[in-house]
Amino acid sequence: MTQDEMKKMVAEAALDYVEAGTVIGIGTGSTANHFIDSLATIKHKIDGAVASSNASAKRLKDHGIPVLDLNSVSELSVYVDGADESNHYLHLIKGGGGALTREKIVAACSHKFVCIADGSKLVDVLGKFPLPIEVIPMARSMIARELVKRGGQPVYREGFTTDNGNVILDVHNLEIMEPVKLEQELNNLPGIVTVGLFAIRPADVLLLGTEDGVRTLT
Ligand code: 5RP
């Protein structure tokens, strides 16, 4: 089975977590795109969706799924999104697609966070995938120096601007032994908008695509 087939398989499995008559949150990336395509088959079941990026909003609209502003919604029953890495505690690295800030906001508003990923994303220790950090443009060099002090090797994602008008530093060479602590520490640096660590609010369920089918971790 290819990686993409595994992504499709978990995206379809995530439909089981969609509650009728509710608004749901939608992530960003190729796995989330599969979920949006699957969701289209049951679109009449839900009241609408809140998207974590302009790209996902467009895909939802193209399928005729109502896209709602988060400010007009009091709660989301579930948030479904992919990840770049997950450890066994369902702490995640996200932001490979650059949508980490809105992803973290929508996840925070959701009762349940269902992460969907192919089997290669499960790791023992987070950090092999470079940690994306969204930064206010004027603070880029200052934050890069702070990250070097912490043993990281930040690389500016050139030519990329987030949906919020900011830039991304991808931080290599981190072995993240204490994800919650690192997320809290980096959250405190002025200039950082969002750290791509989802550990303070981890996923509640991880649906992992494997050769043997969908593995569910909670
Ligand atoms: C986007 C993300 C994605 O969930 C993450 O990059 C995984 O992407 P894919 O589903 O394409 O493997 O965090 O910001």
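Small disclaimer: the values here were computed from a predicted structure and weren't measured.

## A short note on the packing of helix H1 (residues 3–13) against helix H2 (residues 30–39)
(1) Moving on: Contact pair H1 / H2: the axes reach a minimum separation of 8 Å and the direction vectors enclose 45°. The angle between H1 and H2 places the two elements in the oblique class. Read as a crossing pair, H1 and H2 show a hand that is right-handed. Taken together, the residues of H2 that come into contact with H1 (itself represented by Asp4, Lys7, Lys8, Val10, Ala11 and Glu12) are Ser30, Thr31, His34, Phe35 and Ser38.
(2) Moving on: Grouping the constituent residues of the contact of H1 with H2 by class yields 3 nonpolar, 4 polar and 4 charged.

## Side note on unusual backbone geometry
(1) Moving on: With a phi angle near 65°, Leu90 is a residue other than glycine that sits in the positive phi range.
(2) Moving on: In this fold, Leu90 is placed in the loop between strand S4 (85–86) and strand S5 (92–93).
(3) Moving on: Taking the relative accessible area as the measure of exposure, Leu90 reaches 2% and is therefore buried.
(4) Moving on: Of note, Asn173 is a non-glycine position whose phi angle comes to about 65°, a positive value.
(5) Moving on: With respect to the helices and strands, the residue Asn173 is situated in the loop between strand S9 (167–172) and helix H6 (179–187).
(6) Moving on: For Asn173, a relative accessible area of 57% translates into the label exposed.

## A word on the sheet that holds strand S10 (residues 192–195)
(1) Moving on: Taken together, the 4 strands give an open sheet; going across it, the order is S8-S9-S7-S10, and neighbouring strands pair in antiparallel fashion. The sheet is open, and its two borders are formed by strand S8 (153–156) and S10, each paired with just one other strand. Here the average twist between neighbouring strands, direction ignored, is 30°.
(2) Moving on: Pairing analysis gives 4 bridges linking S8 to S9, with the strands arranged antiparallel. Bridge assignment links Val155 to a residue of S9, and that residue is Asp170.
(3) Moving on: Helix-sheet contacts for helix H5 (residues 140–149) involve strand S7 (131–135), S8, S9 and S10, and the interaxial angle to S9 is about 15°.
(4) Moving on: Along the sheet, H6 makes contact with S7 and S10, crossing S10 at roughly 165°.

## Section: the site of the ligand
(1) Moving on: Close to the ligand lie 17 residues; Ser30, Thr31, Asp84, Gly95 and Lys121 are nearest.
(2) Moving on: Between an oxygen atom of the ligand and a main-chain N or O atom of Gly82, the distance comes to 3.3 Å.
(3) Moving on: The contact in question runs from an oxygen atom of the ligand to an N or O atom on the backbone of Gly96, over 3.5 Å.
(4) Moving on: Relative to its free-state accessible area of 380 Å², the ligand is covered by the protein chains to the extent of 91%.

Each value, and the rule that gives it
Residues numbered from 1 in each chain as written. Predicted model: local features only at pLDDT ≥ 70, side-chain atom pairs only at ≥ 80, totals over all residues. Heavy atoms only, no water. Axes fitted to C-alpha atoms, helices over the stretch in contact; angles between N-to-C directions. Helix = DSSP H or I, 4+ residues; strand = E, 2+ residues; numbered from the N terminus. Parallel < 35°, antiparallel > 145°, perpendicular 65-115°, else oblique. Left-handed = near helix turned anticlockwise from the far one by under 90°. Contact = heavy atoms within 4.5 Å. Nonpolar A, V, L, I, M, F, W, Y, C, P; charged D, E, K, R; others polar. Buried < 20%, exposed > 50% of the residue type's maximum accessible area, 1.4 Å probe, protein only. Pairing = 2+ DSSP bridges. Near = heavy atom within 4 Å. Polar contact = N/O pair within 3.5 Å; in protein donor to acceptor, adjacent residues only side chain to side chain. Areas by Shrake-Rupley, 256 points an atom, 1.4 Å probe, with all protein chains shown as cover.

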